[in-house]
Amino acid sequence: MLLSSGDKEPRGRSRVGLVIVAVTALVVVGAASWYFTREAPKPPTSPARPAPRAPSPTPRPAAPAPVSTGNIEVSASAPGSAVFVDGRRIGAAPQLVELTAGVHRVRVEKEGFRAFEKEVRIVPGRTLELEAQLEREVEGPRLRVETDVPGAQVFLDREFQGEAPVTVRDVALGEHRLNVSVEGYEMHAETIDVVPGTNEFIVRFKEVRLDEAIAVKHKHGVGSCQGRLVATIEGLRYETDHEKDRFSAPFSALEPLEVDYLKKNLRVQIRGGRKYNFTADDPDDLLTFQQKVEAARDRLQ
């Protein structure tokens, strides 16, 4: 069927509308595709934060050190006694002393009393009480030796006692051999008799002493006579029953005495006078006599 000219306009408009719809749909689909396929915006990044530190452990209080000392309280039956611990003087009793734990030696002493000595064990944190019972000494004879030269060494029965002045306690009664020596002087030797109480001896090295005697036989041209030679600081004398052989002379009138040890002979020569030859059973006695006489003469000059 043929349309009239009035029917052609609506159909043209209808086609235009379909084109617009189609274009619009394409635009919408493309926009939607772009929207959903685009990258999602990244959230803004914040600066990295350091990892949190673990809290420091709270320091624990140090454990108290174990007690390693104890005390000892020392008293004595004799007031004023000296207290020694391990050889070290602490003071006069009573004394409270702090010591390391373990074994220690305590000594308490006072003049006129027997020393008290004991080994003790100190317990940490405790106080040990120790009372020293001192007994009086039963004092024996004493020997007091003094000299006129300082530093002289004193020997009693060949045992060293110290430097003079010195006091030796509890010496046995009876005879003893006393020797005293000092450099530059002849040794002093004598036999002493110790009696109860205090025995005092003064050795005078600066003072010349000579008191020697020896039994001898004087040889004559024919025969001999018995007698005794005596030497003192005044000189030398020969005591005998034979009046012609008897003599006494100061050292200034005598030549030096000579000893022939092998022949057991001691020769005495008076200056400008007679010569004497003496013998003895022991040549050592002759030699000792001659040495003491000549030593004294040297000091007298």
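Calculation rules
- Residues numbered from 1 in each chain as written.
- Predicted model: local features only at pLDDT ≥ 70, side-chain atom pairs only at ≥ 80, totals over all residues.
- Heavy atoms only, no water.
- Phe/Tyr/Trp six-rings, centres within 6.5 Å; stacked < 30°, edge-to-face > 60°.
- Buried < 20%, exposed > 50% of the residue type's maximum accessible area, 1.4 Å probe, protein only.
- Core = buried A, V, L, I, M, F, W, Y, C linked by side-chain atoms within 4.5 Å.
- Helix = DSSP H or I, 4+ residues; strand = E, 2+ residues; numbered from the N terminus.
- Contact = heavy atoms within 4.5 Å.
- Expected span 1.5 Å × (residues − 1).
- Polar contact = N/O pair within 3.5 Å; in protein donor to acceptor, adjacent residues only side chain to side chain.
- Patch = residues over 30% accessible without salt bridge, like charges linked within 9 Å, V, L, I, M, F, W, Y side chains within 5 Å.
- Areas by Shrake-Rupley, 256 points an atom, 1.4 Å probe, with all protein chains shown as cover.
- Salt bridge = Lys/Arg side-chain N within 4 Å of Asp/Glu carboxyl O.
- Lys, Arg positive; Asp, Glu negative; His and termini not counted.
- Charge placed at Lys NZ, Arg CZ, Asp CG, Glu CD.
- Pairing = 2+ DSSP bridges.
- Axes fitted to C-alpha atoms, helices over the stretch in contact; angles between N-to-C directions.

**Things to note about the packing of aromatic side chains**
And then number 1: Per the counting criterion, the structure on display carries 6 aromatic pairs.
And then number 2: When the centroid spacing of 5.4 Å and the interplanar angle of 55 degrees are considered together, the rings of Phe155 and Phe160 count as tilted.
And then number 3: For Phe155, a relative accessible area of 24% corresponds to the partly exposed category.
And then number 4: Of the aromatic side chains, those joined through ring pairs into one cluster are Tyr238, Phe247, Tyr276 and Phe278.

**A closer look at the nonpolar core**
And then number 1: If you look at the biggest cluster of nonpolar residues, it comprises 24 residues, and the most contacted ones within it are Leu229, Leu236, Phe247, Val268, Phe278 and Phe289.
And then number 2: Within the residue set of this core, elements represented by two or more residues are β15 (211-219), β16 (224-232), β17 (235-240), β18 (247-249), β20 (265-269), β21 (275-279) and α2 (283-300).
And then number 3: At 4 residues, the largest contribution of residues to this core is made by α2.
And then number 4: Non-local contacts of Leu236, meaning those with residues more than four positions away in its chain, are made with Leu229, Val230, Ala231, Phe247, Ser248, Ala249, Phe251, Leu254, Leu257, Val268 and Phe289.
And then number 5: Within the second largest apolar cluster, 18 residues are counted, among which are Val154, Leu156, Val171 and Phe201.

**Focus on α2**
And then number 1: For α2, spanning 18 residues, the distance from its first C-alpha to its last is 26 Å, which sits close to the expected 26 Å at 1.5 Å a residue.
And then number 2: Where α2 starts, the residue carrying a side-chain oxygen 2.9 Å from the main-chain nitrogen of Asp284 turns out to be Asp282.

**Focus on a negative patch on the surface**
And then number 1: A surface patch of like charges, here negative, comprises Asp281, Asp282, Asp284 and Asp285.
And then number 2: Considering the arrangement of structural elements, one finds Asp282 in the loop between β21 and α2.
And then number 3: Looking at Asp282, the relative accessible area reads 32%, which means it is partly exposed.

**Digging into the environment of Val216**
And then number 1: As for its position among the elements, Val216 is in strand β15.
And then number 2: Separated by 13 residues in sequence, Val216 and Leu229 place their C-alpha atoms 6.8 Å apart.

**A few points about the sheet that holds β16**
And then number 1: Taken together, the 7 strands give an open sheet; going across it, the order is β18-β17-β16-β15-β21-β20-β19, and neighbouring strands pair in antiparallel fashion. This sheet does not close on itself; its edge strands, each paired only once, are β18 and β19 (258-260). Mean inter-strand twist for the sheet, computed between neighbouring axes without regard to direction, equals 30 degrees.
And then number 2: In this fold α2 packs onto β15, β16, β17, β19, β20 and β21, with an angle of close to 125 degrees to the strand it touches most, β15.

**Concerning the side chain of Gln290**
And then number 1: Note on placement: Gln290 falls in helix α2.
And then number 2: Among the residues examined, Gln290 registers a relative accessible area of 15% and is labelled buried.
And then number 3: At a separation of 3.2 Å, a polar atom in the side chain of Gln290 contacts the main-chain carbonyl oxygen of Leu257.
And then number 4: Setting aside residues no more than four positions away along its own chain, Gln290 makes contact with Leu257, Val259 and Leu266.

**Some words on the sheet that holds strand β14 (residues 198-203)**
And then number 1: On the basis of which strands lie adjacent, the open sheet formed by 3 strands has the order β11-β8-β14 and mixed pairing. Here the strands that pair on one side only, and so sit at the sheet edges, are β11 (166-168) and β14. Strand-to-strand, the axes of this sheet are offset by a mean angle of 20 degrees, without reference to chain direction.
And then number 2: Sheet analysis places strand β8 (residues 142-147) next to β11, joined by 3 bridges and oriented antiparallel.

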